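# Reading the structure
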Amino acid sequence: KKSYLIDEESELDPTWFSHAQAVGVTAGASWPEELVQGVLNRLEAFGWIFDKEIKITLEKMEFPYTLQVHSN
């Protein structure tokens, strides 16, 4: 399947979807929700309808850290 990596909704090209029967959107956790919504809004402007959200995996990630304190 074709896929495209974009940074914002203005990069979407309507010709990418000319023969598509379905469109999926995914984003990393660091991508702000307003950017994801912008992409969905633009796709809706192209005529796509999104009626459900499917969660394929639920991630639980922890980043342990060590605090080091030095004194002179």
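Throughout what follows, the structure given in this document is the object of discussion. (Residues numbered from 1 in each chain as written. Predicted model: local features only at pLDDT ≥ 70, side-chain atom pairs only at ≥ 80, totals over all residues. Heavy atoms only, no water.)

### Quick look at the overall build of the chain
- Broken down by element type, the chain carries one helix and zero strands.
- The buried share among the 72 residues of the chain stands at 12%.
- Across the chain, every contact between residues at least 6 apart in sequence was considered, and the portion connecting residues at least 24 apart equals 62%.
- Carbon together with sulfur atoms contributes 52% to the accessible area of the chain, which is approximately 7200 Å² in total. (Helix = DSSP H or I, 4+ residues; strand = E, 2+ residues; numbered from the N terminus. Buried < 20%, exposed > 50% of the residue type's maximum accessible area, 1.4 Å probe, protein only. Contact = heavy atoms within 4.5 Å. Areas by Shrake-Rupley, 256 points an atom, 1.4 Å probe, with all protein chains shown as cover.)

### Some remarks on the packing of aromatic side chains
- For the structure on display, the rule yields four aromatic pairs.
- Relative to F46, the ring of F17 has its centre 6.1 Å away and its plane inclined at 40 degrees; by these criteria the two rings are tilted. Taken together, the positions of F17 in the segment before α1 (33–45) and F46 in the segment after α1 put the pair 29 residues apart, joining distant regions of the chain.
- Summarising the aromatic geometry, the rings of F17 and W48 are spaced 6.4 Å apart at their centres and angled 70 degrees between planes, so their arrangement reads as edge-to-face. Pair noted here: F17 is in the segment before α1 and W48 is in the segment after α1, with a separation of 31 residues, a long-range link. Take F17 and W48: they sit in the same class, and that class is buried.
- Aromatic rings pair up to connect Y4, W16, F17, F46 and W48 into one cluster. (Phe/Tyr/Trp six-rings, centres within 6.5 Å; stacked < 30°, edge-to-face > 60°.)

### Brief notes about the environment of S10
- By the secondary structure assignment, S10 is in the segment before α1.
- Relative accessible area serves as the criterion here: at 46%, S10 is assigned to the partly exposed category.
- Looking at S10, its side chain comes within polar contact range of the side chain of E8, at 2.6 Å. (Polar contact = N/O pair within 3.5 Å; in protein donor to acceptor, adjacent residues only side chain to side chain.)

### A short note on the nonpolar core
- Formed by I6, L12, F17, V39, L43 and W48, the largest nonpolar core amounts to six residues.
- Excluding residues within four positions of it along the chain, L12 makes contact with I6, F17, V39, R42, L43 and F46. (Core = buried A, V, L, I, M, F, W, Y, C linked by side-chain atoms within 4.5 Å.)

### Thoughts on α1
- Under the 1.5 Å per step criterion, the end-to-end length of α1 is 18 Å for 13 residues, consistent within 8% with the ideal 18 Å.
- Of the residues making up α1, those classed as buried are V36, G38, V39, L40 and L43.
- Where α1 terminates, the next one or two residues include G47, which has phi positive at roughly 110 degrees. (Expected span 1.5 Å × (residues − 1).)

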